[in-house]
Amino acid sequence: MSEVIYSIRGLSVEYATRSGAVRAVDGVDLDIRRGEILGLVGESGCGKSTLGKAMMRMITPPGRIVTGELWFEGQDLMQLSERKMRAIRGGRIGMVFQDPMTSLNPVQRIVDHLTETIRTHEPSVTEAAARARAEELVERLGIRRERLDDYPHQLSGGMRQRVMISLALALRAGLVIADEPTTSLDVIVEAKFLDLLRELRDEFDLTIVLITHNIGVVAEVADRVAVMYAGRLAELGDVLEVFGEPRHPYTQGLLQAVPNIELDGAELYQMQGSPPSLLDPPPGCRFHPRCPEAMPICSAETPAFQSVSGEHLAACWLYQEHPEVVADA
Amino acid sequence: MTEAPPEVPVWRTDLERIGLVRRILRARRWYRADWWFVAISSVLVAGFVVLALVPGVFAPHDPREQVGPRLLAPGEAPELEALVVPAGSGVNELADLVSEERIKVGVVQGTPSSEAVRDAAARVTERLRADGGDERLRIRVVRHETLDEALRGLEAGETVAVVGSSSELARVLDDHPGLVMVGPVDGEGAVAGRGFPLGTNQLGQDVLSRLIWGTRVAFLIGFASALLSLAAGLPLGLIAGYVGGKTDRVMSLVMDSLYAFPGLILAIAITAVLGPSIFNVIVAIAVVYVPTYYRIVRGQALSVKEELYVEAARSLGATNRDILRRYVYPNVIPSVAIIFSVNVADAILTGAGLSFLGLGLPPDTPDWGIDLARGQENIQNAWWLITFPGLAVMSVVLAFTMMGEGLMEIFNPKLRDR
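Sequence positions are assigned chain by chain, starting from 1 and proceeding in written order. The lettering of chains begins at A and the numbering of ligands begins at 1, in the order of writing. With pLDDT at 70 or above as the cut-off, local features in this predicted model cover only qualifying residues; side-chain atom pairs require 80 or more to be listed or tallied, and sums for whole chains, interfaces and linings still use all residues.

**Regarding the pairing of strand β2 (residues 103-108) of chain B**
Residues and elements named next belong to chain B.
- Of the pairings in the sheet, the one linking β2 to strand β3 (residues 139-144) comprises 6 bridges and is parallel in character. Within β3, the position partnered with Lys 104 by the bridge is Arg 140.
- Traced from β2 through helix α5 (residues 113-130) to β3, the parallel crossover comes out right-handed.
- Alignment of β2 against strand β4 (residues 161-165), held across 2 bridges, turns out to be parallel. Residue Val 105 lies in a different strand from β4, and its bridge partner there is Ala 161. Here the rule is simple: two strands pair whenever DSSP picks up at least two bridges between them. Where helices and strands are cited, they refer to DSSP runs of H or I of at least four residues and of E of at least two residues respectively, numbered from the N terminus. Orienting the strands away from the viewer, one traces the path from the first strand over the helix to the second; a clockwise path indicates a right-handed crossover.

**Here's the deal with the packing of helix α11 (residues 263-274) of chain B against helix α14 (residues 320-356) of chain B**
All names here are of chain B.
- The axes are straight lines fitted to the C-alpha atoms, using for helices just the contacting stretch, and the angles between their N-to-C directions are given from 0 to 180°. As a packed pair, α11 and α14 sit with axes 10 Å apart at the nearest point and diverge in direction by 55°. One finds that α11 runs oblique with respect to α14. With respect to the hand of their crossing, α11 and α14 are arranged in right-handed fashion. Taken together, the residues of α14 that come into contact with α11 (itself represented by Gly 263, Leu 264, Ala 267, Ile 268 and Thr 271) are Thr 350, Gly 353 and Leu 354.
- Looking at side-chain class alone, the contact of α11 with α14 contains 4 nonpolar, 4 polar and no charged residues. Here the word oblique covers every angle except those under 35 degrees (roughly parallel), over 145 (roughly antiparallel) and from 65 to 115 (roughly perpendicular). By convention the crossing between two helices is left-handed if the near helix lies anticlockwise of the far one by an angle smaller than a right angle, and right-handed if it lies clockwise. Note on contacts: each residue gets a C-beta atom placed from the backbone, and two residues are in contact if those atoms are within 7 Å. Under the convention adopted here, Pro, Cys and the residues Ala, Val, Leu, Ile, Met, Phe, Trp and Tyr are nonpolar, Asp, Glu, Lys and Arg are charged, and Gly plus all remaining residues are polar.

**Let's talk about helix α6 (residues 147-155) of chain B**
Residues and elements named next belong to chain B.
- Of the residues making up α6, those classed as buried are Leu 147, Ala 150, Leu 151 and Leu 154. The arc that holds the buried residues of α6, viewed along the axis, is 95°, so those residues lie on one side.
- Following α6 by one or two positions, Gly 157 has its phi on the positive side, about 85°. Remark: C-beta atoms are placed from the backbone, and a residue is labelled buried if 20 or more other C-beta atoms sit within 10 Å of its own, exposed if 12 or fewer do, or partly exposed between those counts. As used here, the arc is the angular range of directions from the helix axis to the C-beta atoms.

**Notes on the interface of chain B and chain A**
- The partner chain A presents 21 residues to the 18 residues of chain B that form the contact.
- Mapped by element, the contributors of at least two residues to the side of chain B that touches chain A are α13 (308-315) and α14 of chain B.
- When residues in the side of chain B that touches chain A are grouped by element, the largest group, 6 residues, is from α13 of chain B.
- Considering only residue class, the side of chain B that touches chain A consists of 7 nonpolar, 4 polar and 7 charged.

What follows is the structure, given as structure tokens:
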């Protein structure tokens, strides 16, 4: 088993709203291994983007990290000063955002984005040296060096997303959190971008957390997958195992709801109900109101997030000892 | 089924891709913005700026000096003051009269002649000094009831020369065969035929020259106070918008209460407290307009800081200062530029208002507001005194406002839909 690069322990994030605190992430434990691509999937509003931001401590008011530890390179990021945290952001952990159209400063040239990022973290680097590094980097990512002097609006969506990646790589960040990086790209550009991600992972020894709601994307590039539901992890494991043999009823439903070529005219599965309000989440397992296999205990107790087979983890009473199972036996 | 997205005009998508010049040229076709609006007003503004920079080149006269007769109507030829001497005396101009003693010169009481002859004598002395001599032309003015009496005095040898208006002299000189009119004594301005195209005021100053020099004062006040309030409002707005929270609330409260105050009254109060000087006028007007910048910049900063690229910058380790300087500030600038142009116009108007009320500027300053206030006294018989400064204020304010509005339309056509 490879080394753990980033370890999340008991992370909870809350947003203060007029009607009360919304717990967008609730007690998440997650280990990210060096060199893997971890897919983080879930439907809109399940807290996956919040989790990604929390990993860089980028939650801004009205949101806040309530509890949790974020272990990265032997230190708990929660204990760091804002100043040290800035050195980590961009320097050690990079982030790629959902919409490449708006994630670059419209009034700044591409090259300035890169050189300023480099020089913010390494003030001793000269402008010329920073530019040389930027040129080398973008050429590796398939952008001609002349394009560096363009403004963001002169670049296509795919190019901008590659620029965003190059920003994350400019300082050799070991971990890149990609928050729905391909959502606004068309399918061909998306495929190319995912290939690029994989190549970069091998070349730069990157670890990538890929946040997405597109199960196809995860199946294609990820090594492991984490499924999130209503602020909690539902299932985690090797991508082949989870998609081949999903354990949590939510994952099962999710996979059945993906159209596929074998469907052959049959009705596509529809999951009942809609995600719960995080203002007032259901007690016990949060999926129980929609779960086809719900048991009495599901609405009473929260299941632990534990192994179902080897390193395949799920939070579901179906695979855990509880009084009802004992009574049946 | 997904719903068809609302139709977006083609120009909206193209708008982001082209430069400023093409934007101005295409604006009309795309969304009927009147680019000529900008063109005309820019030419006007540029013209006024040139006037303000080098008024001396355009102004025919010194704006503070009395250069001609009082209250001359626009275009009216000035009455020349002529020198009369006994025939055959060999005197051809005032300079020929230079001698050791005081020269007695006869004039008619209550006419501009006595002033004209004194000025002329001063000029002669100056010229002599410049040539290196130490002689002076000293004059004693002898006053008479009528021109005829003055001429008789000259014939009797009581005076050496007589100075009077040339047209009247032409009428009465036939009765005095021993005397000749040898030429004008007036200043070069009047004599050289530069004349007074917009007339003169009650102090004999040239209205046109004062108008041209007044451009400089108006622009100085307009630009300096607009810049000053920009310099205060921009950083305050940036901080309030970016930091938010309590800081924002306190600052907004202060700015809103300033904003709620009527502008001119606040400016009057401030100048009254600070005392009269051009700098104090600038400060007073600047204070009035700080909230304008503050509100615009704060609003923009509030929206820019929520943009994804600001978050992206934070994810790359940018400090708050970096974000303010490189992200928020450059994105706020376009709207500030537009406000600035409209604000200059406002400041000029307020400045003119203040000096019209007699506050702020020293009274001999060539300023439109002061000219308007003075012209008011003669509104019955000298329409040109208030008409031209009034037109000047109006066209400058109009030019700046038109330019600002035109630019706003071109930079931000989406506002039209609201």
